[in-house]
Amino acid sequence: MIGTGPVLSPLPLLVIGTYDKEERADVMTAAWGGVCCSAPPCVAFSVRESRYTYENLLQTEEFTINIPSASFVDEADYFGIVSGRITDKPKVCGLTASPAPDVHAPMIEEFPIVLECKMIKTVPLGSHLQIIGEIVGILADENVLDENGDPVPGRMDPVLYDPMGKNYYRIGEKIGRAFTSGKKFQTTVYQL
Ligand SMILES: Cc1cc2nc3c(=O)[nH]c(=O)nc-3n(C[C@H](O)[C@H](O)[C@H](O)COP(=O)(O)O)c2cc1C
């Protein structure tokens, strides 16, 4: 036993896009998040109620999840250390926040993958409130897609965050194939 705490590392770094009531774009970095349902396709992230992003979400109930590539790690970090209440964060970094086509929320054009989300549920947990969003659209830079139209992690080059050491990393090599690599241990054909 080494203690308690939200110890799970690495985590994909997410950038949440919202509009404020003056239709100004805000972007906030979030590490407490990920996929939470296959059908309907949903993602969740957790937000402190003090964030401008939370104030914006109460109004719009729609947001984007923008996945920065490693080349934008400094910009993504900046989005996590200043508030959109006082700063036009994308503009300061020279990035383009344009309206997402299917939700009332801004997207960062330079980031390779953007999930368009509609908030369907909130769960108060303590320090953070979990926001669950249904993914209603996925926008992708065609350079990160394979021949089937699926995003390739190596091409997306996402930022991985280690909350313990507070460092950023990028993904390494492929080491196996899901639902396949473990089959060598499968002697009987039944599922728990
Ligand atoms: C690496 C990193 C991860 C973060 N993860 C979260 C998070 O999961 N939830 C949260 O509420 N704030 C998180 N933050 C802090 C917010 O991004 C930060 O308070 C930001 O300034 C809020 O912006 P806003 O006021 O424009 O919404 C994180 C910051 C960094 C640098």
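All values reported here derive from a predicted model rather than from experimental measurement. (Residues numbered from 1 in each chain as written. Predicted model: local features only at pLDDT ≥ 70, side-chain atom pairs only at ≥ 80, totals over all residues.)

## Things to note about the environment of Gly33
The condition that has to hold: Each helix corresponds to a stretch of at least 4 residues labelled H or I by DSSP, and each strand to a stretch of at least 2 residues labelled E; elements are numbered beginning at the N terminus. Around each residue's C-beta, the other C-beta atoms within 10 Å are counted; 20 or more make the residue buried, 12 or fewer make it exposed, and counts in between make it partly exposed. All C-beta atoms are placed from the backbone. Note that contacts rest on C-beta atoms placed from the backbone: two residues are in contact if these are within 7 Å.
With respect to the helices and strands, Gly33 occurs in strand β4 (residues 33–37). Classification of Gly33 by C-beta neighbours within 10 Å gives buried; the count is 20. In this structure Gly33 touches Leu14, Val43, Ala44, Phe45 and Ser46, once residues within four positions along its chain are discounted.

## Quick notes on the site of the ligand
Rules: Whether a residue is near a molecule or strand depends on its C-beta atom, generated from backbone atoms, being within 6 Å of that molecule or strand. Residue type decides the class: Asp, Glu, Lys and Arg count as charged, Ala, Val, Leu, Ile, Met, Phe, Trp, Tyr, Cys and Pro as nonpolar, and the leftover types, Gly among them, as polar.
Near the ligand you find 20 residues, and of these Tyr52, Thr53, Gly80, Ser83 and Gly84 are the closest. Elements that contribute at least two residues to the shell around the ligand include exactly β3 (25–30), β5 (42–47) and α1 (52–60). Ranked by the residues each element gives to the shell around the ligand, the list is headed by β3, at four residues. Here the shell around the ligand is built from residues that sort into nine nonpolar, six polar and five charged.

## What to know about the environment of Ala100
Residue placement: Ala100 occurs in the loop between β7 (97–99) and β8 (106–108). It is 9.5 Å that separates the C-alpha atoms of Ala100 and Gly17, two residues lying 83 residues apart in sequence.

## Some thoughts on the pairing of β5
Quick note on the threshold: A pair of strands is labelled paired if DSSP reports no fewer than 2 bridges between them.
Here β4 pairs with β5 via four bridges, running antiparallel. If you follow Val35 over to β5, its bridge partner there is Val43. The antiparallel pairing of β4 with β5 creates a hairpin that spans four residues between the two strands. Strand direction decides the pairing type here: β5 and strand β10 (residues 129–140), joined by six bridges, are antiparallel. Across the sheet, residue Cys42 finds its bridge partner in β10, namely Glu134.

## Digging into the sheet that holds strand β6 (residues 62–67)
The strands making up a sheet associate through hydrogen bonds between their backbones, and the pairing can be parallel or antiparallel. Our working rule: Under this scheme, a helix contributes an axis fitted over its contacting stretch, all axes are lines through C-alpha atoms, and angles between N-to-C directions fall in the 0 to 180 degree range.
Reading across the sheet, the seven strands line up as β3-β2-β6-β9-β10-β5-β4 and stay open at both edges, with antiparallel pairing between neighbours. Because the sheet does not close on itself, it has two edges, and the strands there are β3 and β4. Neighbouring strand axes in the sheet, compared pairwise and without regard to direction, differ in orientation by 35° on average. Relative to β3, strand β2 (residues 14–19) runs antiparallel, the two being bridged by six bridges. The residue bridging Val15 from the neighbouring strand is Thr29, located in β3. Sheet strands touched by α1: β2, β3, β5, β6, β9 (113–124) and β10. Its angle to β2, the strand with the most contacts, is close to 50°.

## With respect to the sheet that holds strand β11 (residues 159–162)
Pairing is antiparallel across the open sheet formed by three strands, whose spatial order is β1-β11-β12. Every other strand in the sheet has two partners, leaving β1 (11–12) and β12 (167–170) as the edge strands with one partner each. Here four bridges tie β11 to β12, and the two strands are oriented antiparallel to one another. Looking at β12, one finds that Asp162 is bridged to Asn167.

## Side note on unusual backbone geometry
A cis amide bond links Ser9 to the next residue, Pro10, at an omega of 0°. The omega torsion across Ala39 and Pro40 is 0°, close enough to zero to call that bond cis. Backbone geometry at Lys166 places phi at a positive 55°, although glycine is not the residue there. Of note, Lys166 is situated in the loop between β11 and β12.

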